[in-house]
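Residue-level structure breakdown
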Amino acid sequence: MTTALRTLRNYIGGEFRDAADGRTIEIVNPVTGESYATSPLSGQADVDAAMGAAAAAFPAWRDTTPAERQRLLLKIADAFEARAGELVAVESENTGKPLGLTASEEVPPMVDQIRFFAGAARLLEGRSAGEYMEGMTSIVRREPVGVCAQVAPWNYPMLMAVWKFAPALAAGNTVVLKPSDTTPASTLLMAAIVGSILPKGVFNVVCGDRDTGRLMVEHPTPAMASITGSVRAGTQVAASAAKDVKRVHLELGGKAPVVVFEDLDSAAIAQAAEGISVAGFFNAGQDCTAATRVLVQESVHDEFVTALARAATGTKTGRPDDPDVLYGPLNNANQLTQVSGFVERLPAHARIEAGGHRVGDKGYFYAPTVVSGLKQDDEIIQNEVFGPVITVQSFRDEAQALEYANGVDYALASSVWTKDHARAMRMSKKLDFGCVWINTHIPLVAEMPHGGFKKSGYGKDLSAYGFEDYTRIKHVMTSLDA
């Protein structure tokens, strides 16, 4: 007997609707590899409708007081918290994420980040008012940019949606958000919740593929395009937005170096290996900041590799309802092929210390994997795997550690593991990455900025810096003699 597929719909102008031409995409549960829903494959008419709704809602939303925007965002946060169980269930079905970890590690940060930006809404202020020319007073206004076209990724569908819409709405913008074509379900549940609180048209969700995203970015209505995704996708967005000089916010790939120095004793090495394995394998390594590229000083290299391989062997992947798993499946069949391909193409000098294979023949599970013996120019060192694969290289001294760490195209996140405070400070200065953790890896807080350099993109998520990205600056000068 064939099970009927659930129907997902776009959320435009305060109502759910099918794609104008009726086209759909099948949505797959990565635990089983089977379709369970259909989602709209939106085209030009759908994008036009969403942009029109957002543009119509913008003047009134822009003119709401910061206190009113704060009040509504706090209601959204409270609603997400109250309906956390529903959000987790839908997110897990769509992504295969462990239920317990999604509830404990993703929902609380989402709620906290919305509340942070609710507070930030009341800090939209100019920096000064004064007389910088005789007889003239100058005022600086900080204003919302307008309609924002936003594209979220499939690795953290709910969390990344919050990173997009919360600062945009807090600043007084309206939003058209596109979730990934493989993970729209939780974003549409969020739309139902948000839509019950905000005025119609302020928050819209359009589902579809990369062509849908392209139509959004190329549309004349948005003043800003924001994407979290691959370097390829970011490059295309930047090129499309350049045609009519849209503001662009890009959070792209990563290849985080994790630099482990020889001053760690055996207990510290074991502790570091455990922490790094969790930071590398969490969410199946599908995280641009994941601790997947480890650099270890020669004298402790072998000891560390042994400890890391032991940690990997003790790490479990499996179904979302298993409380003992750290991560679930990879997101989709293409991603399983990509991760498997990196391991299958390893050079002869590489050594698989743990894992290196698919788990089971149903769904997209991949074993926690550690690979050592690698060189700086190896494919797996230079390119983002985006899976549960941690590589290990050795280095001689601090200078070579920096050379290897900075010697990739990505520059999002990094970490340093040492007991030497001065060394930690030198490394944090010279590491060319948007974030440097010391003796830890991957914690994020709403108050601190997250974003990279080089091919990892530009603009910041979270923090007051991320909030300011969704505003524009206006100078107003008035004559005192009029």
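These figures come from a predicted structure and were not determined experimentally.

**Points about the overall build of the protein chain**
Counting its secondary structure elements, the protein chain contains 16 helices and 23 strands. A compact globule built from 482 residues should have a C-alpha radius of gyration of about 23 Å, and the protein chain, at 23 Å, falls within 12% of that. A burial count over the protein chain gives 57% of its 482 residues as buried. Within the protein chain, contacts between residues separated by at least 24 positions form 73% of all contacts whose residues are at least 6 apart in sequence. For the protein chain, the exposed surface amounts to about 19300 Å²; the carbon and sulfur share of it is 52%.

**Things to note about the packing of helix H1 (residues 44-62) against helix H8 (residues 210-218)**
Where H1 contacts H8, the two axes come as close as 10 Å, and the packing angle between them is 45 degrees. The pairing of H1 with H8 is recorded here as oblique in orientation. Handedness of the H1/H8 crossing: right-handed. Packed against H1, whose contacting residues are Gln-44, Val-47 and Met-51, the element H8 presents Thr-212, Leu-215 and Met-216 at the interface. Of the residues that constitute the contact of H1 with H8, the class distribution is four nonpolar, two polar and no charged.

**Quick word on the sheet that holds strand S19 (residues 413-417)**
Strand order in the open sheet formed by seven strands is S15-S16-S17-S14-S13-S19-S20, and the pairing between neighbours is mixed. Two strands close off the open sheet at either side, each with one partner strand: strand S15 (351-354) and strand S20 (435-438). The average angle at which neighbouring strand axes cross in this sheet is 25 degrees, direction not considered. Where strand S13 (residues 257-260) and strand S14 (residues 293-297) come together, four bridges link them in parallel fashion. By the bridge assignment, Val-259 is partnered in S14 with Leu-295. Contacts from helix H10 (residues 266-281) reach S13, S14, strand S16 (369-372), strand S17 (389-395) and S19, with the element oriented near 135 degrees to S17.

**Comments concerning the sheet that holds strand S7 (residues 136-144)**
A sheet is described by the order of its strands in space; here three strands give the open sequence S6-S7-S23, paired in antiparallel fashion. Whereas interior strands pair on both sides, the edge strands pair on one side only; in this sheet they are strand S6 (129-133) and strand S23 (471-479). Averaged over all neighbouring strand pairs, the angle between strand axes comes to 35 degrees, with direction disregarded. Here S6 runs beside S7; their pairing, made up of three bridges, is antiparallel. When the sheet's bridge partners are listed, Ala-129 is paired in S7 with Ile-139.

**Comments concerning helix H12 (residues 333-344)**
Taking 1.5 Å per residue as the helical rise, H12 with its 12 residues ought to reach 16 Å, and the 16 Å between its terminal C-alpha atoms agrees with that figure. Among the residues of H12, Gln-335, Leu-336, Val-339, Ser-340, Gly-341, Phe-342 and Val-343 are the ones counted as buried. For H12, the N-terminal capping position is held by Asn-332, with its side-chain oxygen 3.2 Å away from the main-chain nitrogen of Asn-334.

**A short note on the side chain of Lys-178**
Tracing the chain through its elements places Lys-178 in strand S9 (residues 174-178). The buried charged residue Lys-178 lacks any salt bridge, with Asp-181 as its nearest oppositely charged partner at 5.5 Å. Among all residues touching Lys-178, those that are not within four sequence positions of it are Gln-150, Val-151, Ala-152, Val-206, Cys-207, Gly-208, Asp-209, Thr-212, Gly-213 and Met-216.

**Details of the pairing of strand S4 (residues 24-29)**
Burial of S4 is one-sided: the residues Ile-25, Ile-27 and Asn-29 facing one way are buried, the residues Thr-24, Glu-26 and Val-28 facing the other way are not. Bridge analysis of S4 against strand S5 (residues 34-40) gives six bridges, and the strand direction is antiparallel. Counterpart to Val-28 in the pairing with S5 is Ser-35. Connecting S4 to the antiparallel partner S5 that follows it, the hairpin turn spans four residues, and Gly-33 within it adopts a positive phi of roughly 75 degrees.

**What to know about the environment of Pro-449**
Along the polypeptide, Pro-449 turns up in the loop between S20 and strand S21 (453-454). Between the alpha carbons of Pro-449 and Leu-101 there is a distance of 24 Å; along the sequence they are 348 residues apart. For Pro-449, the contacting residues outside a window of four places in its chain are Lys-460, Asp-461, Leu-462, Ser-463 and Tyr-465.

**Quick word on the packing of aromatic side chains**
For the structure shown, the criterion picks out five aromatic pairs. Taking the centre distance of 5.4 Å and the plane angle of 75 degrees together, the rings of Trp-154 and Phe-386 count as edge-to-face. One end of the pair, Trp-154, is in the loop between strand S8 (147-151) and helix H6 (157-170); the other, Phe-386, is in the loop between helix H13 (379-382) and S17, and 232 residues separate them in sequence. Taking the relative accessible area as the measure of exposure, Trp-154 reaches 18% and is therefore buried.

**Comments concerning the packing of helix H3 (residues 84-95) against helix H7 (residues 185-195)**
Running from N to C, H3 and H7 point in directions that differ by 155 degrees, and their axes come no closer than 8 Å. By the angle between their directions, the pair H3 and H7 is classed as roughly antiparallel. Residue-level contacts link Glu-86, Leu-87, Val-90, Glu-91 and Asn-94 of H3 to Ala-185, Ser-186, Leu-189, Met-190 and Ile-193 of H7. Its residues placed into classes, the contact of H3 with H7 shows six nonpolar, two polar and two charged.

**Digging into H10**
Its 16 residues give H10 an end-to-end C-alpha distance of 22 Å, which sits within 8% of 22 Å, the value for a rise of 1.5 Å per residue. By the burial criterion, the buried members of H10 are Ala-268, Ile-269, Ala-272, Ala-273, Ile-276, Ser-277, Ala-279, Gly-280 and Phe-281. Contacts from the buried residues of H10 go to S13, S14, helix H11 (298-313), S16, S17 and S19. Positive phi appears at Asn-283, one or two residues downstream of H10, with a value of about 60 degrees.

Reading guide: rules and limits
Residues numbered from 1 in each chain as written. Predicted model: local features only at pLDDT ≥ 70, side-chain atom pairs only at ≥ 80, totals over all residues. Heavy atoms only, no water. Helix = DSSP H or I, 4+ residues; strand = E, 2+ residues; numbered from the N terminus. Rg over C-alpha atoms; globule rule 2.2 N^0.38 Å. Buried < 20%, exposed > 50% of the residue type's maximum accessible area, 1.4 Å probe, protein only. Contact = heavy atoms within 4.5 Å. Areas by Shrake-Rupley, 256 points an atom, 1.4 Å probe, with all protein chains shown as cover. Axes fitted to C-alpha atoms, helices over the stretch in contact; angles between N-to-C directions. Parallel < 35°, antiparallel > 145°, perpendicular 65-115°, else oblique. Left-handed = near helix turned anticlockwise from the far one by under 90°. Nonpolar A, V, L, I, M, F, W, Y, C, P; charged D, E, K, R; others polar. Pairing = 2+ DSSP bridges. Expected span 1.5 Å × (residues − 1). Polar contact = N/O pair within 3.5 Å; in protein donor to acceptor, adjacent residues only side chain to side chain. Lys, Arg positive; Asp, Glu negative; His and termini not counted. Salt bridge = Lys/Arg side-chain N within 4 Å of Asp/Glu carboxyl O. Phe/Tyr/Trp six-rings, centres within 6.5 Å; stacked < 30°, edge-to-face > 60°.

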